[in-house]
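So you can see what is in the structure, the chains are spelled out below.
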Amino acid sequence: MSNVVSPARRSVPGLARHAARAALAGGFALVPALAFAHPGHGPAVGFAHGFLHPVSGLDHVLAMVAVGIFAAQLGGRAIWAVPASFVALMAAGGFLGMSGIGLPFVELGIALSIVVLGGTVALGRKDWPLGAAMALVGFFALFHGHAHGAEMPADASGLEYAAGFMAATSALHAAGIGLGLAIGKLSEARAPRLAQAVGAVVAVAGLGILSGAL
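Residues numbered from 1 in each chain as written. Predicted model: local features only at pLDDT ≥ 70, side-chain atom pairs only at ≥ 80, totals over all residues. Heavy atoms only, no water.

Draft legend 1. Expanded view of the overall build of the protein. Secondary structure summary: the protein contains eight helices and zero strands in total. In the protein, the order of α-helices and β-strands from amino to carboxyl end is α-α-α-α-α-α-α-α. The burial tally for the protein puts 46% of its 214 residues in the buried class. Counting only contacts in the protein whose residues sit at least 6 apart along the sequence, the fraction spanning at least 24 positions is 81%. Here the protein displays about 10200 Å² of accessible surface, and carbon together with sulfur accounts for 71% of that area. (Helix = DSSP H or I, 4+ residues; strand = E, 2+ residues; numbered from the N terminus. Buried < 20%, exposed > 50% of the residue type's maximum accessible area, 1.4 Å probe, protein only. Contact = heavy atoms within 4.5 Å. Areas by Shrake-Rupley, 256 points an atom, 1.4 Å probe, with all protein chains shown as cover.)

Draft legend 2. Inspection of the packing of aromatic side chains at higher detail. Scanning all chains against the criterion turns up five aromatic pairs. For the pair Phe-47 and Phe-51, a centre-to-centre distance of 6.2 Å together with 25° between the ring planes defines the contact as stacked. Within this pair, Phe-47 and its partner Phe-51 are both found in helix α2 (residues 46–55), separated by four residues, close to a single helical turn. Assessed through its relative accessible area of 41%, Phe-47 is described here as partly exposed. Accessibility expressed as a relative area gives 30% for Phe-51, which makes it partly exposed. Aromatic pair Phe-139 and Phe-143: ring centres 5.3 Å apart, planes at 85°, arrangement edge-to-face. Here Phe-143 and Phe-139 lie together in helix α6 (residues 130–149), a separation of four residues that amounts to about one turn. Given a relative accessible area of 9%, Phe-143 falls into the buried group. (Phe/Tyr/Trp six-rings, centres within 6.5 Å; stacked < 30°, edge-to-face > 60°.)

Draft legend 3. Structural detail: the packing of helix α3 (residues 58–74) against helix α8 (residues 190–211). Remark: α3 packs on α8, axes separated minimally by 11 Å, with the N-to-C direction vectors making an angle of 150°. With respect to α8, the element α3 is oriented roughly antiparallel. Helix-helix and strand crossings are classified by hand; for α3 and α8 the assignment is left-handed. Taken together, the residues of α8 that come into contact with α3 (itself represented by Leu-58, Asp-59, Leu-62, Ala-66, Ile-69 and Gln-73) are Ala-195, Val-198, Val-202, Ala-205 and Ile-209. Considered class by class, the residues forming the contact of α3 with α8 number nine nonpolar, one polar and one charged. (Axes fitted to C-alpha atoms, helices over the stretch in contact; angles between N-to-C directions. Parallel < 35°, antiparallel > 145°, perpendicular 65-115°, else oblique. Left-handed = near helix turned anticlockwise from the far one by under 90°. Nonpolar A, V, L, I, M, F, W, Y, C, P; charged D, E, K, R; others polar.)

Draft legend 4. Main features of a nonpolar patch on the surface. A cluster of nonpolar side chains, Phe-105, Leu-108, Leu-112, Val-116, Leu-207 and Leu-210, forms an exposed patch at the surface whose accessible area comes to about 520 Å². Of all the secondary-structure elements, those providing two or more residues to the nonpolar patch are α5 (106–123) and α8. For the nonpolar patch, the element with the highest residue contribution is α5, accounting for three residues. Leu-210 sits in the partly exposed class, given a relative accessible area of 37%. (Patch = residues over 30% accessible without salt bridge, like charges linked within 9 Å, V, L, I, M, F, W, Y side chains within 5 Å. Salt bridge = Lys/Arg side-chain N within 4 Å of Asp/Glu carboxyl O.)

Draft legend 5. α3, seen in detail. End to end, α3 covers 24 Å across 17 residues, agreeing with the expected 24 Å (1.5 Å per residue, within 8%). Here α3 lies mainly inside the structure; 17 of its 17 residues are buried. (Expected span 1.5 Å × (residues − 1).)

And the structure:
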């Protein structure tokens, strides 16, 4: 049996690897020097501000991309159900924040979400019950949503702001799903290692944010 691999087959891992790198680069290109998106972020008015809010903070970007990768790892209905549960519970958290209803340990919950979701991606287990996966991301979505909602204006522009940050969240989830699917196209030997590496980077970044180092 010949061990020669055709150029076309050799190119699949290469293309997937380039796609993964491009997705990571695109995500980190959105990250400013400050780690947290919500404090001191200027006026929160309209769709544009709502859209920029999630993509301009390292904490939100990492968590939302991790949700997308996690969903891609699970596959099947989880690809849409897991991100959808995050967006739905984030909207609920946003309502609480906009209404002035307090939620304890918001900053801690956001930082822990990055550590936990990154660790979950690194473990790469695909046997999660769908309900448990949705509950996990939904729990952390409450904290992210509350942080957004606390800056949402309490007038008509608040609806536009909410639509903006939900659209940005969905876009970040889509980027994570794309990255997760690209990783999955690698060989059986390479895919788990790359997923572990990406998850570990996210989790370590979460520890950095949790400790105040980032």
